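These are the residues of each chain, in order.
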Amino acid sequence: MNALADLLKGIRPEFDFTVSRDFIADGMLDSFDMVMLVATLDKTFGISIAGVDIIPENFQNLDTIAALLNKYGIQP
Amino acid sequence: MFLIDSTSKVAETISQTKAGAPAYCSNFLPAPRKLQGWITHGELSCEQRDGAALFLRKDRGFWHLYFCAANPTSLQQAVTAFPVLRAEPVVVDLVGQEPALAGLAGLFAAAGFGLYNRLFRMARIVSPSTPPAAAPDPHVVLASQADCQPILDLLVRSFDCRAEQIPMLYEIEAAVETGQIWMARCGGALAGLLFYETQGLTSTLRYWLIAPEFRAQRFGSGLMRTYFAEHPAVRRFLLWVIADNNNAIAKYRHYGFAPDGLVDQVLANEMIRP
């Protein structure tokens, strides 16, 4: 999980992703950021996140992103 | 094509398209409040095809196209087979990192769409080393309901509604209601405005505009100063700018904005492009 927090920090260093339970509501990620984050996750973990998974619910907090990665066989 | 009458109908249509579709593609990412406004005002229609849903939003004499598709092939078939896309003026926005947009842009090119304009996103990140915001300009005030029509007139006069998503009057009225529009007056006239949307730690600067006859009189800097000063908790300011508007880009850079890698390719069909 720390690796995931570090990855997000690398993308958006202005935010502390460990203190929020809802990145969307707190203005830390918007729908366009999700598109950019997916590209970074794909590249970092060598996966290809399907479009059907690019929904706000999967990017709400560190737990939901970790669960999404788990689906692709990644343990962040 | 049918008129969308509820947000649940939109969700249901998207879910049907997404179901079991690993290559799902979409440019339909509306904020819930915005979506509700379109539906309430009868602006949103939908055409459902095999494996794809095409949403058309009515604007000023043209349509915005949004899509959800199980895969690019389904999207291509839907776009090619839908006659409205050849008979009516239509624009479609493709948003993402530029290299990733090539496939979709090619698909729309095959259906008669071409590049109409290009915008990119700029961000201003507030860090501990960022100097504190200067004091707000006392001449800058929040817009009132009486200002809505002049604000709309100035926006329509100044921007390209096909590329720059000019709000409808009801959206301006709602923004004024929640204090999202600052304005500068000169002799009773609307000299300039700054229209923003804030969500938590991020604020998006939608329009920052000075009427031509009031330029070079420091109204613009007063508006920007007030905007920053009134958002001490915001850590990221965003905006979209036309890619070749060098004058605006230079001003935004002056205030600390820099490109963040996202682009918006605005494509238009042959009813719009010369």
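How each quantity is defined
- Residues numbered from 1 in each chain as written.
- Chains lettered and ligands numbered in written order.
- Predicted model: local features only at pLDDT ≥ 70, side-chain atom pairs only at ≥ 80, totals over all residues.
- Helix = DSSP H or I, 4+ residues; strand = E, 2+ residues; numbered from the N terminus.
- Domains from an automatic or database assignment.
- Contact = placed C-beta atoms within 7 Å.
- Nonpolar A, V, L, I, M, F, W, Y, C, P; charged D, E, K, R; others polar.
- Axes fitted to C-alpha atoms, helices over the stretch in contact; angles between N-to-C directions.
- Parallel < 35°, antiparallel > 145°, perpendicular 65-115°, else oblique.
- Left-handed = near helix turned anticlockwise from the far one by under 90°.
- Buried ≥ 20, exposed ≤ 12 C-beta atoms within 10 Å, placed from the backbone.

Novice: When you look at unusual backbone geometry in this model, what are you seeing that I'm missing?
Specialist: Outside of glycine, negative phi angles account for most residues, and trans bonds account for most peptide bonds. All names here are of chain B. Despite not being glycine, Q165 has its phi angle at roughly 50 degrees, a positive value. Counting through the fold element by element, Q165 comes out in the loop between helix 7 (161-164) and helix 8 (169-177). Of note, A216 is a non-glycine position whose phi angle comes to about 60 degrees, a positive value. Along the chain, A216 falls in the loop between strand 11 (202-210) and helix 9 (219-229).

Novice: What am I meant to see in the domain arrangement of chain B here?
Specialist: As a measure of interface size, the accessible area lost when the parts come together is often cited. Residues and elements named next belong to chain B. Split by domain assignment, chain B resolves into domain 1 (2-88) and domain 2 (127-234). Each of domain 1 and domain 2 has a C-alpha centre, and these two points are 31 Å apart. The interface of domain 1 with domain 2 comprises 5 residues on the first partner and 4 residues on the second. Classifying every residue of the side of domain 1 that touches domain 2 gives 1 nonpolar, 2 polar and 2 charged.

Novice: I'm lost on the interface of chain A and chain B in this one. Help?
Specialist: With 15 residues of chain A at the interface, the matching set in chain B holds 23 residues. A class-by-class count of the residues in the side of chain A that touches chain B yields 9 nonpolar, 3 polar and 3 charged.

Novice: Where do I start with the packing of helix 3 (residues 72-81) of chain B against helix 5 (residues 98-110) of chain B in this structure?
Specialist: Residues and elements named next belong to chain B. Contact geometry of helix 3 with helix 5 gives a least axis separation of 9 Å together with a crossing angle of 25 degrees. Between helix 3 and helix 5, the angle is such that the two are roughly parallel. The chirality of how helix 3 crosses helix 5 is right-handed. On helix 5, the residues that touch P72, L75, Q76 and V79 of helix 3 are G103, L107, F108 and A110. Split by residue class, the contact of helix 3 with helix 5 holds 6 nonpolar, 2 polar and no charged.

Novice: Which parts of the structure should I look at to understand the packing of helix 6 (residues 148-158) of chain B against helix 8 of chain B?
Specialist: If you want to describe how two helices pack, look at the angle between their axes and the distance between the axes. Residues and elements named next belong to chain B. The geometry of helix 6 relative to helix 8 is characterised by a closest axis approach of 10 Å and an angle of 125 degrees between their N-to-C directions. As judged from the angle between their axes, helix 6 and helix 8 are oblique. For the element pair helix 6 and helix 8, the recorded crossing hand is right-handed. Of helix 8, the residues touching helix 6 (which contributes C148, Q149, I151 and L152) are L169, I172, E173 and V176.

Novice: How do you make sense of the environment of G261(B) when you look at a structure like this?
Specialist: Within the element layout of this structure, G261(B) appears in strand 13 (residues 258-268). In this structure the C-alpha to C-alpha distance between G261(B) and R121(B), which are 140 residues apart in sequence, comes to 6.9 Å. Not counting the four nearest positions on each side in its chain, G261(B) is found in contact with M36(A) and Q97(B).

Novice: Got a minute to help me understand the environment of E47(B) in this structure?
Specialist: Residue and element names in this part refer to chain B. Considering the arrangement of structural elements, one finds E47 in strand 3 (residues 44-49). Assessed through the 19 C-beta atoms surrounding it within 10 Å, E47 is described here as partly exposed. Residues E47 and T13, 34 residues apart in the sequence, show an inter-C-alpha distance of 9.9 Å. Residues contacting E47, with those up to four places away along its chain left out, are M1, L54 and F82.

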